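Chain by chain, the residues run as shown.
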Number of protein chains: 2
Amino acid sequence: MEFNYPNGRKYRVGPPKKDTHNVKNSITYGKRGMTLEEDLNETNLFYLSQGIAVIHKKPTPVQIVQVDYKSRSTAVIKEAYFRQASTTDYNGVFNGKHIDFEAKETQNSTSFPLKNFHEHQINHMKNVLNHGGITFVILRFAKTEEIYLMEGQDLMVYWDRMKGGGRKSITKEEVIACGHRIEYGFHPRIDYLKTIRHLYSL
Amino acid sequence: MEFNYPNGRKYRVGPPKKDTHNVKNSITYGKRGMTLEEDLNETNLFYLSQGIAVIHKKPTPVQIVQVDYKSRSTAVIKEAYFRQASTTDYNGVFNGKHIDFEAKETQNSTSFPLKNFHEHQINHMKNVLNHGGITFVILRFAKTEEIYLMEGQDLMVYWDRMKGGGRKSITKEEVIACGHRIEYGFHPRIDYLKTIRHLYSL
């Protein structure tokens, strides 16, 4: 039988770890606004279990520097660093189509800052589009809990506007005009493929 | 200006780390037979740079337990564990088709052990097939440096044979008969999309 601490950390029998004294500078990962991610994971699990689509979130890219191999099954990573993702976070296949997207949220209520995206993610989305994939972003306004799907080709317009010296965000009005509102549901929570099905007649 | 240690580890100004005394049980990650992975990464970079396809390796899935946040940019992961992948390692888009594959090698010279694959990876490949994606495995016989591409639907046959109580590996003869040999090239190193293009008339 397995026990978990309330924070989800596994209870393990053995002497206390020596590297946990640095409490002030340590936080448990996974407490920073995971709701959008959790909702999308639940949605993707629903799609998978219902045979609708196969879409997964990619693991967080990590540069592993030091591993303690007490045994094969108890390898402990002792030093690693977060790397910047070179692609979008989510991809998979839906009705024979390659699906590729990124999900971001903002605390802003009047605009969606473009700094949420990285140049190489935008380039990746351009590449996916060029090769016949479907790409989009899911934008969440946290304060009003509004979710919009914006197609990759539309995001590029605002990205290129910024690159040309224009504003560094998409105004809320532009998101409403150009994006597609997704209402929260029960099961699945964020039915983004309903929008994709409609947009691409799938 | 940045400096790197010869092992690629970043040089950082500051006091020496206290957790590096455990040398006997520590090894630097990335020294265990990375050649097939490196060759495929190089191949995928070639495909990307030539506008042939957008295919990436997924990051290694890691369960992060403890992070030291000295500052946003110097977050150090102090405790993490390897998780088992729930999908294949590589995916992307090629000529509008979703591509999904796994790459494995064996030191055996007479057969390819099926223990190289996990049940959920096989299930993932079945799902991808059901949704119209293209899925396959790249099998490498390390001793003879032979590489074969075997389509997912063919791998299933041998997997199901094992599940039915049959042998736990694919014989070399079966790999030769059922798979498609890929000769090592210079650039790209492993031109697996040439085989896919041929098999699917892309």
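If you look chain A up in an unreviewed UniProt entry, it shows as Holliday junction resolvase RecU from Lederbergia citrea. UniProt, in its Subcellular location (unreviewed entry) section for chain A, records the words "Cytoplasm". Under the UniProt heading Sequence similarities (unreviewed entry), the entry covering chain A gives this text: "Belongs to the RecU family."

Things to note about the pairing of strand β6 (residues 97-106) of chain A
Residue and element names in this part refer to chain A. Most of β6 is tucked away, with eight of its 10 residues classed as buried. Sheet topology places strand β5 (residues 90-94) next to β6; five bridges connect them, and they run antiparallel. In the strand pairing of β6, Gly-92 is matched with Ile-99. Two successive antiparallel strands, β5 and β6, enclose a turn made up of two residues, where Asn-95 displays a positive phi of approximately 50°. Here eight bridges tie β6 to strand β8 (residues 134-141), and the two strands are oriented parallel to one another. What sits directly across from Thr-106, in β8, is Phe-141.

Considering the pattern of salt bridges
Counting across every chain of the model gives 21 salt bridges over all chains. Among the salt bridges present, the one from Arg-161 of chain A reaches Glu-174 of chain A, with a minimum N-O distance of 2.7 Å. Placement of Arg-161 of chain A in helix α3 (residues 152-163) and of Glu-174 of chain A in helix α4 (residues 172-178) is noted, with a sequence separation of 13 residues between them. Residue class for Arg-161 of chain A comes out partly exposed when judged on its relative accessible area of 27%. Here Glu-105 of chain B and Arg-140 of chain B are joined by a salt bridge, their closest N and O atoms 2.4 Å apart. With Glu-105 of chain B in strand β6 (residues 97-106) and Arg-140 of chain B in strand β8 (residues 134-141), this pair connects stretches of sequence that are 35 residues apart. Judged by its relative accessible area of 23%, Glu-105 of chain B falls in the partly exposed class.

Some thoughts on the side chain of Glu-146 of chain B
Residues and elements named next belong to chain B. Looking at where Glu-146 falls in the secondary structure, it is placed in strand β9 (residues 146-151). You can call Glu-146 buried: its relative accessible area is 12%. Within polar-contact distance, the side chain of Glu-146 engages the side chain of Thr-144 at 2.7 Å. Excluding anything up to four places from it in sequence, Glu-146 contacts Leu-139, Arg-140, Phe-141, Lys-172 and Arg-181.

A look at the UniProt feature "site: Transition state stabilizer" (unreviewed entry) in chain A
Residue and element names in this part refer to chain A. Using the residue numbers shown here, the UniProt feature "site: Transition state stabilizer" (unreviewed entry) corresponds to Lys-104. Tracing the backbone shows Lys-104 in strand β6. Among all residues touching Lys-104, those that are not within four sequence positions of it are Leu-36, Phe-112, Asn-116, Phe-117, Ile-138, Leu-139 and Arg-140.

Structural notes on the environment of His-187 of chain A
Residues and elements named next belong to chain A. Residue position: His-187 is located in the loop between β11 (180-182) and α5 (192-199). Once the C-alpha coordinates of His-187 and Asp-39 are considered, the two residues, 148 residues apart in sequence, prove to be 9.8 Å apart. Among residues more than four places away in sequence, those in contact with His-187 are Glu-42 and Phe-46. In this structure the side chain of His-187 is engaged in a polar contact, spanning 2.6 Å, whose partner is the side chain of Glu-42.

Looking at the sheet that holds β6 of chain A
Residues and elements named next belong to chain A. Reading across the sheet, the six strands line up as β2-β5-β6-β8-β9-β11 and stay open at both edges, with mixed pairing between neighbours. In this open sheet, the two edge strands, each paired with only one partner strand, are β2 (54-57) and β11. Each neighbouring strand pair of the sheet contributes to a mean axis angle of 25°, computed without reference to strand direction. The pairing of strand β9 (residues 146-151) with β11 spans three bridges and is classified as antiparallel. Across the sheet, the residue bridging to Ile-147 is Ile-182, located in β11. Relative to β6, helix α1 (residues 35-49) is tilted by about 155°, and along the sheet it contacts β2, β5, β6, β8 and β9. Sheet contacts for α3: β8 and β9; angle to β9, the most-contacted strand, approximately 90°.

So, the sheet that holds β9 of chain B
Residues and elements named next belong to chain B. Strand order in the open sheet made by the six strands is β2-β5-β6-β8-β9-β11, with mixed pairing throughout. Whereas interior strands pair on both sides, the edge strands pair on one side only; in this sheet they are β2 (54-57) and β11 (180-182). Neighbour to neighbour, the strand axes of the sheet diverge by 25° on average, direction disregarded. Relative to strand β5 (residues 90-94), β2 is paired through four bridges, and the arrangement is antiparallel. Looking at the pairing, Lys-57 lines up with Tyr-90 of β5. Of the strands in this sheet, β6 and β8 touch helix α2 (residues 119-130), which is tilted by about 140° from β8. Docked against the sheet, helix α5 (residues 192-199) engages β2, β5, β6, β8, β9 and β11, running at close to 35° with respect to β9.

Some remarks on helix α3 (residues 152-163) of chain B
All names here are of chain B. If you check α3, its first and last C-alpha atoms are 16 Å apart, about what 12 residues at 1.5 Å a residue would give, namely 16 Å. Looking at α3, one finds that the buried residues are Gly-152, Asp-154, Leu-155, Met-156, Tyr-158, Trp-159 and Met-162. Buried-residue contacts for α3 involve α2, β8, β9, β10 (169-171) and α4 (172-178). Gly-165 occupies a position one or two residues after α3 and carries a positive phi of about 100°.

Definitions and cut-offs
- Residues numbered from 1 in each chain as written.
- Chains lettered and ligands numbered in written order.
- Predicted model: local features only at pLDDT ≥ 70, side-chain atom pairs only at ≥ 80, totals over all residues.
- Heavy atoms only, no water.
- UniProt positions renumbered as here; feature names shortened; annotations may be inferred.
- Buried < 20%, exposed > 50% of the residue type's maximum accessible area, 1.4 Å probe, protein only.
- Helix = DSSP H or I, 4+ residues; strand = E, 2+ residues; numbered from the N terminus.
- Pairing = 2+ DSSP bridges.
- Salt bridge = Lys/Arg side-chain N within 4 Å of Asp/Glu carboxyl O.
- Polar contact = N/O pair within 3.5 Å; in protein donor to acceptor, adjacent residues only side chain to side chain.
- Contact = heavy atoms within 4.5 Å.
- Axes fitted to C-alpha atoms, helices over the stretch in contact; angles between N-to-C directions.
- Expected span 1.5 Å × (residues − 1).

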